[in-house]
Structure formats: C-alpha cells, structure tokens
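These are the residues of each chain, in order.
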Amino acid sequence: MRNLCYFIVLILGLLLLHGVHGEDPYRFFTWKITYGDIYPLGVKQRGILINGQFPGPQIDSVTNDNLIISVYNYLTDPFLISWSGLQQRRNSWQDGMAGTNCPIPPGKNMTYALQVKDQIGSFFYFPSLAFHKAAGGFGGIRILSRPRIPVPFPSPSGDFTVLAGDWFKRDHAVLGGILDRGHNLPFPDGLLINGRGWNGYMFQVDQDELGKTYRFRISNVGLTTSINFRIQGHKMKLVEVEGSHTLQNTYSAIDIHLGQSYSVLVTADQPPQDYYIVVSSRFTSPVLTTTAVLHYSWSTVGLSGPPPGGPTTQIDWSLNQARSIRWNLSASGPRPNPQGSYHYGLIKTSRTIMLANSAPIINGKQRYAVNSVSYMPASTPLKLADYFKIPGVFNLGTIPSFPTWGNGYLQTSVMPADFRSYIEIVFQNWEETVQSWHIDGYSFFVMGMDGGQWTPASRASYNLRDTVARCTVQVYPKAWTAIYMALDNVGMWNVRSENWARQYLGQQFYLRVFSPANSWRDEIPIPKNALLCGRAAGRHTRPL
C-alpha cells in the first residue's frame with residue numbers, strides 16, 4: 001500500500017513539474033530540418049525544409065492541447081524554432097529564441113513541450129537564429145476553440161492558411177553577410193503566397209452550393225515589408241486577430257504588417273470562375289505584387305481582367321483601418337466568459353515605458369537600436385544564465401525605460417519588470433518607415449496610435465472599452481502607438497522588431513518578468529532535456 005501511495009505521489013509530481021493537466025490532449029510531431037532546392041521565384045535556391053516541405057507543416061490544435069514537437073537538425077548550422085503568438089504560459093523555456101534556448105547543434109535534436117494554454121486563433125512558427133527566416137522553415141499554427149466554447153460565427157466550410165510576405169532570391173547566408181558588413185538589405189525580389197510566386201497557389205471552394213463561407217488565416221511571414229491582402233470580387237469579414245475575436249467589420253482590402261495574423265470569412269457567392277487573390281507591398285517604391293487563385297470547383301472559366309488594385313503608400317488609409325479593428329465584447333475567447341468581462345481600461349497602470357527605435361552607425365556599421373541600445377547576443381542564453389546565476393552574462397537595467405536620444409551603443413540589454421504589474425508601453429517612431437513590434441509571451445491591448453510625439457495628454461484618445469488584444473502592433477512613420485499589458489507571465493521574453501534585418505542588427509531586447517516567490521505556481525522548472533551551452537555547459541537541469 002505504501003508503494004502504491006508513493007507511485008501516485010510521483011505521478012502527480014511529474015504532472016505538476018510539466019505543468020500539464022491530465023484532461024488536456026497531447027499531439028506529437030516529429031520534424032526533420034534539412035536544406036533542399038526550392039524555386040519560389042523561378043530561380044533555384046537553398047531553402048530550409050521541414051519534413052521535405054516548404055513552407056513547413058501546419059500545426060492544428062485545440063485550446064489547452066499539449067504539443068510535443070521533436071526537432072531533428074540536419075542542417076550544417078545550429079538551429080532554433082520560435083512560435084510567434086504562443087504565450088508559453090509559465091514556460092519561457094520553450095520560447096525558442098537565442099536569449100532563452102541553446103541552439104540545436106547540427107546532427108542533434110531537441111523536443112519542445114508546448115501547451116497552447118487558454119489560447120485560440122491564428123499564428124505561425126519560424127526559424128529564429130541567424131538569418132534562417134530568409135530561407136523558409138516557417139509554417140502556420142491554428143488553435144481551435146474547445147467544443148463547448150461558443151464561437152461568434154458558424155463553422156466555415158473550409159479553413160485556409162495563407163503565409164504571405166516578401167522574398168529574396170539571394171541565399172540567406174549572403175543576406176546575413178550583407179548585414180554583418182554593416183550594409184542595408186537590397187530591395188526584395190518579390191512576394192510569395194504559401195511559398196509560391198505569381199498564380200502559383202490555388203485555393204479551391206466548392207461549387208455544389210453557392211454561398212458557402214470559408215475562413216482565411218493570413219500571416220505576414222516576410223522579412224522587411226508590410227503587405228495588403230484582397231480577393232477579386234469578394235468582401236472579407238474580419239473575425240479574429242492573433243487570438244482575439246473582433247467586431248465583424250467588412251473590408252475589401254486589409255493591411256497586414258510584419259509578423260501580424262488576421263482571420264477573415266469569405267463567402268463564395270460570385271459567378272463560378274477563377275478569381276485573383278492579391279498580395280501587394282505597402283509603403284514601397286516600386287510596389288511589389290503577387291497573386292494566387294481562388295478557384296470555384298467545376299468551373300472552367302479562368303482568371304479575367306487585371307488583378308484588383310489596392311492601397312500603396314497611403315498612411316491615413318492604413319491608420320484609419322487599424323483604428324476600426326475592435327474587440328467583440330460579447331464573444332467568448334478561449335474560455336466561455338465574454339472577452340468584454342475583462343475591463344482592461346479600468347485598471348490603473350503602475351509603470352510607463354517608452355521605446356524609441358533608431359538607426360545608429362556604430363563602429364562604422366549600420367545598426368538598429370531601442371532607446372539608443374543595440375542588442376548584442378550573449379554566448380549563454382539569458383534564461384539559463386538567470387537560472388544558474390551565472391555572473392557577467394547580462395545585467396538588469398542595461399536598457400533605459402525612456403529614450404535618451406544619445407549616441408547608439410552595443411549592449412546585451414535586459415529590462416527588469418515585476419510579475420503581476422500592469423504597465424503602459426509607448427512605441428515612439430521618429431523614422432520614415434513603418435515599424436512592427438512583437439512581444440513574446442504576451443497579448444496586449446492596443447490603446448491608441450497617432451502621429452507626432454506621444455505626451456501624457458495623448459491618453460485622452462485611448463480606447464478604454466473595446467480595443468483589440470494582440471501580440472504584434474505597427475507604428476506608423478513619425479508616430480506613436482501605445483499599449484497596456486498585464487505582466488502575468490514570469491520569464492525572459494523577447495521584445496523585438498519584426499523587420500528581420502532590424503532585429504538581426506539590434507532592434508530588440510529582453511524583458512525579465514520576475515517573481516520573488518520562486519514557485520512552480522508562477523513558473524515551470526527548467527526542462528530535464530534543456531540543452532546547455534556557453535557558460536551553462538556541464539551543469540545539471542533537474543533529476544525528474
């Protein structure tokens with residue numbers, strides 16, 4: 001009897017250590033990462049394939065599922081995958097950034113243990129090291145609601161993932177070398193939709209009954225460029241943005257900035273034929289355009305007319321659209337209670353942080369910075385250095401909470417923050433280009449955006465009732481965007497530009513959200529299989 005009790009206690013302890021609930025299903029994936037020949041713009045390139053696929057395989061899941069993903073690295077380079085928008089509750093160990101994880105060495109493997117805890121929506125994964133993102137290795141993530149949770153629209157007849165973005169014909173290592181030498185990237189060579197160029201991909205809708213509705217989940221997985229998405233002859237009803245159900249406004253075209261994801265419903269109610277699905281670049285000269293095909297099944301009528309035009313360089317058009325995207329207060333999110341039951345606008349903030357991007361020249365080379373600090377990676381992941389208390393890897397407070405407007409400098413920048421505080425972050429952009437900011441581990445409320453310099457008086461324009469919660473937000477040229485964020489997730493979290501050249505050259509830092517309780521309730525212990533490198537090599541994780 002004593003042995004039986006001991007066994008039961010041991011099993012419960014293991015479940016607690018892994019932070020999973022017995023009733024939540026597991027989904028298992030095995031991925032082999034290889035180089036292979038791809039021809040996205042008609043020219044042979046070295047691409048990163050997952051199980052031979054470019055883009056990589058779709059991850060389909062349901063709220064609270066446990067995802068066990070074994071990644072085998074057959075590249076000649078170290079490799080990591082990160083999961084854009086997955087909050088990794090209590091578990092920044094699985095975030096897959098260079099500041100949280102050791103790279104997977106060539107010929108080795110690592111198993112990620114993720115849980116999509118209290119999340120729904122449309123997201124994507126991508127390779128986070130070096131400039132691998134320019135070679136592929138990305139794919140879509142769908143998190144469906146649990147069966148008993150109401151969804152604010154009927155089940156669609158089909159569910160399509162659209163991974164779109166700019167693309168370069170040059171090898172990713174060549175692009176990385178350009179940046180390493182302190183130069184800017186060249187202009188992109190084109191745009192892709194699901195890894196294909198002009199009319200290279202087809203989405204088929206059923207013709208047996210006109211009027212069926214389909215869901216399109218669109219993510220901008222590009223490197224440097226905002227895009228606009230539209231479908232010839234069809235309107236789009238916006239229903240979800242990065243895990244938030246939205247008011248169901250109808251649009252003929254939608255701007256999607258770097259790293260962002262949107263879900264729209266499209267009704268196939270037009271005469272049966274083929275229609276252009278168009279993606280074009282925003283705020284660029286020249287304007288890049290590519291197309292896919294919306295095909296009504298059994299139709300023999302091909303594409304007709306030119307692809308529909310869209311906005312090009314208009315800032316006001318994009319700003320007004322961004323302000324029109326609102327939270328659906330009566331809809332359930334991942335839980336049955338309405339989204340609007342969380343009154344984010346009534347909570348008093350305890351701290352304001354202002355983050356200003358810049359493009360300094362440091363040591364004769366182009367760099368990018370946040371509050372004048374250009375991030376330099378450490379040889380030991382910050383999360384491991386923090387856990388093992390390894391001195392000299394990073395120091396807290398190495399990035400100021402407000403712009404200094406001084407000369408840029410290099411630093412492994414980490415900003416401290418308190419668990420369970422409620423903060424305001426203002427992104428201030430004095431450059432001529434649109435910025436796109438992402439925060440790992442969190443969803444935040446986009447309170448407002450406008451031109452000019454933010455001041456405390458700008459709070460009078462905040463949306464305190466029904467703004468959308470998301471994880472990636474744009475900041476227009478010479479403008480600001482403000483967010484509110486509840487720091488309810490302990491860990492070391494990457495805050496970065498989604499322009500991958502700017503991120504690569506320093507426009508990022510880490511936010512250390514700390515709880516002094518040192519409790520498993522607040523943070524899952526280090527995984528037993530965690531890779532150890534740098535000054536953490538040779539240490540031990542934990543026995544269980």
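Structural data are supplied above this passage.
The rules behind the values
- For every chain, the first residue of the written sequence is number 1, and numbering continues from 1 onward in sequence order.
- For a predicted model such as this one, the threshold for reporting local features is a pLDDT of at least 70, and the threshold for listing and counting side-chain atom pairs is 80 or more; totals across whole chains, interfaces and linings nevertheless cover every residue.
- Derived side-chain values reflect all non-hydrogen atoms in the structure, with water molecules and hydrogen atoms excluded from consideration.
- Salt bridge criterion: a side-chain nitrogen from Lys or Arg within 4 Å of a carboxyl oxygen from Asp or Glu.
- Think of it this way: any DSSP run of H or I at least four residues long counts as a helix, any run of E at least two long counts as a strand, and we number them from the N terminus.
- For every residue, the accessible area obtained with a 1.4 Å probe (protein chains only) is divided by the maximum for its type, and the residue is called buried under 20%, exposed over 50%, and partly exposed between those limits.
- Pairing of aromatic rings covers Phe, Tyr and the six-membered ring of Trp, with a centre-to-centre limit of 6.5 Å; geometry is then stacked below 30 degrees between planes, edge-to-face above 60, and tilted otherwise.
- Sitting over a ring, as applied to charges here, requires NZ of Lys or CZ of Arg to be within 6 Å of the ring centre and within 35 degrees of the ring normal.
- By nonpolar core we mean a set of buried residues, namely Ala, Val, Leu, Ile, Met, Phe, Trp, Tyr and Cys, connected to one another through side-chain atoms within 4.5 Å.
- Should any heavy atoms of two residues lie within 4.5 Å, those residues are considered in contact.
- N or O atoms within 3.5 Å of each other form a polar contact, as long as, within protein, one can give a hydrogen and the other can take it, and as long as residues adjacent in sequence are counted only when both atoms are side-chain atoms.
- A pair of sulfur atoms, both from cysteines and within 2.5 Å, is called a disulfide here.
- Two strands pair if DSSP finds at least two bridges between them.
- Interaxial angle, 0 to 180 degrees, is taken between N-to-C directions of lines fitted to C-alpha atoms, where a helix line uses only the stretch in contact.
- The charge count treats Lys and Arg as positive and Asp and Glu as negative. His and the chain ends do not count.

Overview of the pattern of salt bridges
- Summed over all chains, the structure comprises 23 salt bridges.
- A salt bridge links Asp65 to Arg27; the nearest nitrogen and oxygen atoms lie 2.4 Å apart. With Asp65 in the loop between strand S3 (59–62) and strand S4 (66–73) and Arg27 in strand S1 (residues 26–38), this residue pair connects regions lying 38 residues apart in the sequence.
- Lys212 is the salt-bridge partner of Asp206, the closest N and O atoms lying 3.7 Å from each other.
- Given the relative accessible area of 33%, Asp206 is considered partly exposed.
- Overall, the relative accessible area of 18% leaves Lys212 in the buried class.
- Each of Asp60, Arg142, Asp159 and Arg217 takes part in one network of salt bridges that share partners.

Structural notes on the packing of aromatic side chains
- Counted according to the given criterion, the structure contains 28 aromatic pairs.
- With a centroid separation of 6.2 Å and 80° between ring planes, the pair formed by Tyr442 and Trp493 is classed as edge-to-face. A residue pair is termed long-range when its members are at least 10 positions apart, and Tyr442 in the loop between strand S30 (435–439) and strand S31 (444–451) and Trp493 in strand S35 (residues 491–497) qualify at 51 residues. Each member of the pair, Tyr442 as well as Trp493, carries the same accessibility label: buried.
- Here Arg46 stacks its cationic end above the ring of Tyr35, 4.3 Å away from the centre of that ring.
- Here the basic side chain of Lys133 rests over the ring of Trp500, its NZ or CZ set 4.5 Å away from the ring centre.

Comments concerning the nonpolar core
- Formed by 40 residues in total, the largest nonpolar core has its most connected members in Phe131 and Leu382.
- Elements supplying a minimum of two residues to this core: strand S7 (121–127), strand S9 (158–167), helix H2 (172–180), helix H4 (382–388) and helix H5 (500–504).
- Considering every element that reaches this core, the biggest residue donor is H4, with 4 residues.
- The residues touching Phe131, leaving out its near neighbours within four places in the chain, are His172, Leu175, Gly176, Leu179, Leu185, Leu223, Trp500, Ala501 and Tyr504.

Describing the environment of Ser92
- With respect to the helices and strands, Ser92 occurs in the loop between strand S5 (81–84) and strand S6 (109–115).
- Taking the C-alpha atoms as reference, Ser92 lies 7.3 Å from Gly441; in sequence the two are 349 residues apart.
- Once you skip the residues sitting within four places of it in the chain, Ser92 turns out to touch Thr100, Asn101, Lys383, Gly491, Met492, Trp493 and Glu523.
- At 3.3 Å, the side chain of Ser92 and the backbone nitrogen of Met492 are in polar contact.

With respect to the state of the cysteines
- Under the definition given, this model contains 1 disulfide.
- Each disulfide pairs two cysteine sulfurs, and for Cys102 the partner residue is Cys533, the sulfurs being separated by 2.1 Å. What sets the handedness of the Cys102 and Cys533 disulfide is the S-S torsion sign, and at about -90° it is left-handed. Taken together, the residues Cys102 in the loop between S5 and S6 and Cys533 in the segment after strand S36 (508–514) connect sequence positions 431 residues apart.

Observations regarding the sheet that holds S35
- In space, the 6 strands of this open sheet follow the order S26-S28-S36-S35-S30-S33, with mixed pairing throughout. The sheet is open, and its two edges are formed by strand S26 (395–396) and strand S33 (472–475), each paired on a single side.
- Judged from the 2 bridges that link them, S26 and strand S28 (residues 413–418) form a sheet pairing that is parallel. From the neighbouring strand, Leu396 faces S28, where its bridge partner is Val414.

Comments concerning the sheet that holds S7
- Taken in spatial order, the 4 strands make up an open sheet running S3-S8-S7-S5, and their pairing is mixed. The open sheet is flanked by S3 and S5, the only strands paired with a single partner. Between one strand and the next, the sheet's axes are offset by a mean angle of 25°, whatever the strand orientation.
- As defined by bridge partners, S5 adjoins S7 across 4 bridges and the pair is classed as antiparallel. The residue of S7 that forms the bridge with Ser82 is Phe126.

Brief notes about the side chain of Asp166
- Examined against the element boundaries, Asp166 turns out to sit in strand S9.
- Within the buried set, Asp166 has no salt-bridge partner at all; the shortest N-O distance to an opposite charge, 8.1 Å, is to Lys133.
- Within the structure, the side chain of Asp166 is placed 2.5 Å from the side chain of Thr224, a separation counted as a polar contact.
- Of the polar contacts made by the side chain of Asp166, one reaches the side chain of Thr225; its length is 2.7 Å.
- With residues near it in sequence (within four places) discarded, Asp166 still touches Pro188, Gly190, Leu191, Gly222, Leu223, Thr224 and Thr225.

Here's the deal with the environment of Pro57
- Looking at where Pro57 falls in the secondary structure, it is placed in the loop between strand S2 (45–50) and S3.
- Pro57 gets classed as buried once you look at its relative accessible area, which sits at 14%.
- Ignoring any residue separated from it by four or fewer positions in sequence, one finds Pro57 in contact with Trp31, Ile50, Tyr125, Gly139 and Gly140.

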